[in-house]
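The lines below spell out each chain.
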Number of protein chains: 4
Amino acid sequence: METLLRRCQIRSQILFFLFMHLQLIGSGAAAQVVTSRGTHGNYLTIQLGSIRYCFPHRTHDVCFFSGAHLNPVYSLSLCVLGRHPWKKLPLYSLSHLVGAFLGAATVYLQYYDAIQTFSGGELLVAGPNATAGIFCSYPADHLSFWGGLVDQVVATALFLLCCVALEDQRNGPLPDGLHPVLVGALILTMGVSMGSNCGFPLNPARDLGPRLFTFVAGWGEEVFKAGGGWWWVPIVAPFVGGLLGTVTYELLIEAHHQTTPSEKKTCSGKMGKQTHSQHIF
Amino acid sequence: METLLRRCQIRSQILFFLFMHLQLIGSGAAAQVVTSRGTHGNYLTIQLGSIRYCFPHRTHDVCFFSGAHLNPVYSLSLCVLGRHPWKKLPLYSLSHLVGAFLGAATVYLQYYDAIQTFSGGELLVAGPNATAGIFCSYPADHLSFWGGLVDQVVATALFLLCCVALEDQRNGPLPDGLHPVLVGALILTMGVSMGSNCGFPLNPARDLGPRLFTFVAGWGEEVFKAGGGWWWVPIVAPFVGGLLGTVTYELLIEAHHQTTPSEKKTCSGKMGKQTHSQHIF
Amino acid sequence: METLLRRCQIRSQILFFLFMHLQLIGSGAAAQVVTSRGTHGNYLTIQLGSIRYCFPHRTHDVCFFSGAHLNPVYSLSLCVLGRHPWKKLPLYSLSHLVGAFLGAATVYLQYYDAIQTFSGGELLVAGPNATAGIFCSYPADHLSFWGGLVDQVVATALFLLCCVALEDQRNGPLPDGLHPVLVGALILTMGVSMGSNCGFPLNPARDLGPRLFTFVAGWGEEVFKAGGGWWWVPIVAPFVGGLLGTVTYELLIEAHHQTTPSEKKTCSGKMGKQTHSQHIF
Amino acid sequence: METLLRRCQIRSQILFFLFMHLQLIGSGAAAQVVTSRGTHGNYLTIQLGSIRYCFPHRTHDVCFFSGAHLNPVYSLSLCVLGRHPWKKLPLYSLSHLVGAFLGAATVYLQYYDAIQTFSGGELLVAGPNATAGIFCSYPADHLSFWGGLVDQVVATALFLLCCVALEDQRNGPLPDGLHPVLVGALILTMGVSMGSNCGFPLNPARDLGPRLFTFVAGWGEEVFKAGGGWWWVPIVAPFVGGLLGTVTYELLIEAHHQTTPSEKKTCSGKMGKQTHSQHIF
């Protein structure tokens, strides 16, 4: 029990570092485009920053660190499906949150001069000189409340469905190292197809942590008031969508198994090796 | 017989889901660029949405689902070459169509606010506020009827030729998982080189399904009248081009076999393993 | 002897097809950007068309076609180094040329409407409505004769050096299928770093074939007069650069072998397997 | 001893060539965008030039050249950690410097016409017609001295941490050849997220060598005076950041080892194979 706790704590520390990097590169790409007023990048370069997912994942493999998840939505999905103990969830989620908070702080430090110059020293959430969007999700002007909710549920459902499919070991042998590349491509794809409504948060910890940072760093309570209290949508909707996507995949697989009993065996055999221990994003 | 029918039905269900995702990401990328008037993406990001092909394919592998094809053109080519039973063709094509229809509906749902704001509530097929082009192919102003036909035949012929080549198992060992990446790159390549005439539909089901959706969803019969009754060209021309490409490849291979009988044996040996069961796009 | 001749002929046929595709996708990307006046792509999408190199190569592997080369520069380099029979060179080069010619014709057919609309029916080599640059290389306004020569020699030398390095089997095991991806990335890289002077032709056949096509198709003798008789530079300079690059690589390897005799053996062992038969681009 | 010296010298020669290519492609991409005033590329194409890192690395593998490092920061980190002899450091660093100097000279030769036309013959370090930024790092107008220092330390720390992680052999089997692709993606990612402050130099030799070249080639002593004597920041800060990143990674690993002794053994086993001989960038 004590060992488990110790391992959890150290895992949390590593998760915290991984999350910092994730946050750092992702928000950095946005900071660069915003503060250079588009001369140093465009919408596409922000999405390319999404390749960031490749590297934390890789780092993780290095650490031989089983059971790490970089997205609380994914952790929750596994808990619901009974593949992950519920008791680890709180500590994991907390370290996600703290990592994202500190990652946002590092980005602010690195782009402090640029943000000050761009905003004229005034940290705003809305308007042409707004800088809060560098750190977390705000809805586009055209987006209604329900529209945002639907957008997030659909996007996260598709994302989780693809993630689960990519990780499924019943899948033939996917070369090591190609996995993060495909996840990176998936996120890039989603960014170019589902990012204009509210920036496809997908990850509650990655959204709330930086929002808390901007709250304390000078953007003030406007970060929670903006968009008619929008802040909780990118936290709640991804969980709904994530469960939907995971369950859809499971049902597809079930349907398949019923009809092909001979293949089922092969699947089960591979299933035994499927430890679900390397899911991290 | 009954089992075959059951399997076909379930396959159709999965194909329907795959197709929805395909449609969702592809059209989403277009919706994002159109409704943001170019601030959230450009022509390149739409093409990058083509990486979508990687993921449905992967999902398929996961399902151990033999015989699935995501493009009716490819299914027909295999039927003509005698490698696929004709009787499966109708059900497959129908599920393609229904999946594409529902995928388009989901995109409309997700971008409802954005499309309403962009178009001022009026769903138009042509003009500066047109939104029908998000969902399916319309010819560019400069394109003549014959020009469009040639464009589609050439593009699909090249596409199918490359697809068949990539899948040919006589090919040395292609690492698992790299295949969808190469297909994604192929489609990206074709998008940047053959997309400006009429948007390289390549896939009849992916074009007709969404067109039917826009027809019932409020764009009206103009979706069939536009471009001088253009709608049937992206349905018929890809079949012609697809057959042309497949036959060209077969002839190239035949020519080769006649001259290198020693290699032919090796090929045949590998040919035995070539089940043609994993062709999906 | 007769068999050799027959094989050569059929090889030439396949090379001709491969070259047509190469030309088709490469020039198509340029046609799309030029005729849409930049709305359907930009400088980057033209370079992305360079991923075309992946697919012909792949097709080649499929055919088990040893000894095929898609770039006469590379063929010549191998002849000079004594690794390829000189007598095959003329037929190969001819089929390159014919393939590139017909590829250019297909692009013209596919973009006939677009080119007519863009140019107002007048096929020009220079000026704001020029369309000849879609098909082959012309020097930028700032480029002097010697500048162009240096540019081409440096670019092709670097290109060949990297190609030879990538193909060297003394190299550890490079996964099959990754090779074309790396060559594609190499060409993309060169396009973004060495393309603005005169469009990095790199390949004499790919430049001369389409130039001959534009000559007969209506652009007239201006295609040879433009740039002060520029046309022969992208034919001669790549050969000079290619030899330079190949020789540089050989010298680097030699220098290495002298100092590490123990490794040399290993190299030689692997060298035995190095048939140099799969070089195609 | 003499053999060691001879090997070092030859290694230095190869490093010098590799570095030239690195410099050539990287600076070439910048030269192209600057001198074409943005018509032949944009901020993204400059970053894509970063894929250059793939090819020198590959060349290196070919040469069976153990112990080569393309970044003095990395060499120093290994020396500090006791994995690399200190005495090799000076010769290595010198050949880096000379290679980068000559690479810059080649770029100037290749873009001589373009730079002369763009700048009107006047080689300037600042202002709208400045061309010095093609070759090495200068701070953006908004960047303070401390801001630049923090930017460089954070960026290089993250870079080295990811590099060390990617190379760690305790890591599961990473397919050969995928490594340079991932490093290329990493650098692309960093370019889009951390390049707008001062162009993410990351590599002291790649910054100082070209700066010395511009100093002698006509830009004059302004290259050292600009930005308030900025020149030494991209030389010193990467060393600080690199050590920070390497040490952080080592600590993460240590923390892990203490808790999972059973895995440690496996790690050590693999550790034996970990010769740290293929680190090159």
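An unreviewed UniProt entry lists chain A under the name Aquaporin 10b, from Sphaeramia orbicularis.

Considerations on the overall build of chain A
Looking only at helices and strands, chain A features twelve helices and zero strands. Along its sequence from the N terminus, chain A presents helices and strands in the succession α-α-α-α-α-α-α-α-α-α-α-α. Among the 281 residues that make up chain A, the fraction classed as buried is 64%. If you take every contact in chain A between residues at least 6 apart in sequence, the share linking residues at least 24 apart comes to 79%. For chain A, the accessible surface area stands at approximately 9,700 Å², while carbon and sulfur atoms represent 64% of it.

Side note on the UniProt feature "transmembrane region" (unreviewed entry) in chain A
All names here are of chain A. In the numbering used here, UniProt assigns the feature "transmembrane region" (unreviewed entry) to residues 91-111, 146-166, 178-202 and 229-252. Secondary structure within residues 91-111 divides into 95% helix and 0% strand; the distance between the first and last C-alpha atoms comes to 30 Å. Between the C-alpha atoms that bound residues 229-252 there is a distance of 36 Å. The span itself is 88% helix and 0% strand.

Let's talk about the packing of aromatic side chains
The geometry of an aromatic ring pair comes down to the distance between the two centres and the angle between the two planes. Summed over the entire model, instances satisfying the criterion amount to 44 aromatic pairs over all chains. Ring centres 5.3 Å apart and planes at 90° place the aromatic pair A:Phe224 and A:Trp231 in the edge-to-face group. Judged by its relative accessible area of 31%, A:Trp231 is partly exposed. Here C:Phe135 and C:Phe213 contribute two aromatic rings whose centre-to-centre distance is 6.1 Å and whose plane-to-plane angle is 55°, an arrangement assigned as tilted. Residue C:Phe135 is located in the loop between α6 (112-119) and α7 (145-167), and its partner C:Phe213 is located in helix α9 (residues 204-219); the two are separated by 78 residues in the primary sequence. The residues C:Phe135 and C:Phe213 share a single accessibility class, namely buried.

Describing a nonpolar patch on the surface
Residue and element names in this part refer to chain A. On the surface, Phe145, Trp146, Trp231, Trp232, Val236 and Val240 cluster together into a nonpolar patch covering about 590 Å² of accessible area. Mapped by element, the contributors of at least two residues to the nonpolar patch are α7 (145-167) and α11 (233-259). Here Trp232 shows up in the loop between α10 (222-229) and α11. Assessed through its relative accessible area of 33%, Trp232 is described here as partly exposed.

Regarding the packing of helix α4 (residues 72-80) of chain B against helix α5 (residues 89-110) of chain B
Residues and elements named next belong to chain B. Between α4 and α5, the shortest axis-to-axis distance is 10 Å and the interhelical angle comes to 170°. The angle between the axes of α4 and α5 places the two elements in the roughly antiparallel class. Contact residues: α4 offers Pro72, Ser75, Leu76 and Cys79, while α5 offers Leu89, Ser93 and His96.

Re helix α6 (residues 112-119) of chain A
Because an α-helix completes one turn every 3.6 residues, residues spaced three or four positions apart along the sequence face the same direction. Taken residue by residue, α6(A) has A:Asp113, A:Ala114, A:Ile115, A:Phe118 and A:Ser119 as its buried positions. Once α6(A) ends, the next one or two residues include A:Gly120, with phi positive near 65°.

Here we look at the pattern of salt bridges
Residues and elements named next belong to chain B. Evaluated as defined, the whole model comprises eight salt bridges over all chains. Among the ionic pairs, Lys225 bridges to Glu221, the shortest N-O distance being 2.9 Å. In this structure Lys225 comes out as partly exposed when scored by relative accessible area, which is 49%.

Points about the side chain of B:Asn203
Residue and element names in this part refer to chain B. Looking at where Asn203 falls in the secondary structure, it is placed in the loop between α8 (178-194) and α9 (204-219). Looking at Asn203, the relative accessible area reads 1%, which means it is buried. Separated by 3.1 Å, the side chain of Asn203 and the backbone nitrogen of Ala205 make a polar contact.

Some remarks on the confidence of the model for chain A
A residue-level look at chain A finds 59% of positions with pLDDT of 70 or above and a mean pLDDT of 70. Residue range residues 258-281 of chain A is modelled with pLDDT below 50. Its contacts to residues more than four positions away, or to other chains, number 53 contacts.

So, the environment of A:Val107
Inspection of the secondary structure assignment puts A:Val107 in helix α5 (residues 89-110). For the pair A:Val107 and A:Phe135, spaced 28 residues apart in sequence, the C-alpha to C-alpha distance is 8.7 Å.

Details of the side chain of B:Thr246
Residues and elements named next belong to chain B. Topologically, Thr246 is positioned in helix α11 (residues 233-259). A polar contact is formed between the side chain of Thr246 and the side chain of Ser77, at a distance of 3.2 Å. Those residues in contact with Thr246 that sit more than four places away from it in its chain are Ser77, Leu81, Leu160 and Val164.

With respect to the environment of D:Ser137
Residues and elements named next belong to chain D. The topology assignment puts Ser137 in the loop between α6 (112-119) and α7 (145-167). Assessed through its relative accessible area of 6%, Ser137 is described here as buried. Each C-alpha atom of the pair Ser137 and Arg211 lies 8.6 Å from the other, and the pair is 74 residues apart in sequence. Within the structure, Ser137 has its side chain in polar contact with the side chain of Trp230 (distance 3.3 Å).

Rules behind the numbers
Residues numbered from 1 in each chain as written. Chains lettered and ligands numbered in written order. Predicted model: local features only at pLDDT ≥ 70, side-chain atom pairs only at ≥ 80, totals over all residues. Heavy atoms only, no water. Helix = DSSP H or I, 4+ residues; strand = E, 2+ residues; numbered from the N terminus. Buried < 20%, exposed > 50% of the residue type's maximum accessible area, 1.4 Å probe, protein only. Contact = heavy atoms within 4.5 Å. Areas by Shrake-Rupley, 256 points an atom, 1.4 Å probe, with all protein chains shown as cover. UniProt positions renumbered as here; feature names shortened; annotations may be inferred. Phe/Tyr/Trp six-rings, centres within 6.5 Å; stacked < 30°, edge-to-face > 60°. Patch = residues over 30% accessible without salt bridge, like charges linked within 9 Å, V, L, I, M, F, W, Y side chains within 5 Å. Salt bridge = Lys/Arg side-chain N within 4 Å of Asp/Glu carboxyl O. Axes fitted to C-alpha atoms, helices over the stretch in contact; angles between N-to-C directions. Parallel < 35°, antiparallel > 145°, perpendicular 65-115°, else oblique. Polar contact = N/O pair within 3.5 Å; in protein donor to acceptor, adjacent residues only side chain to side chain. pLDDT = per-residue confidence, 0-100.

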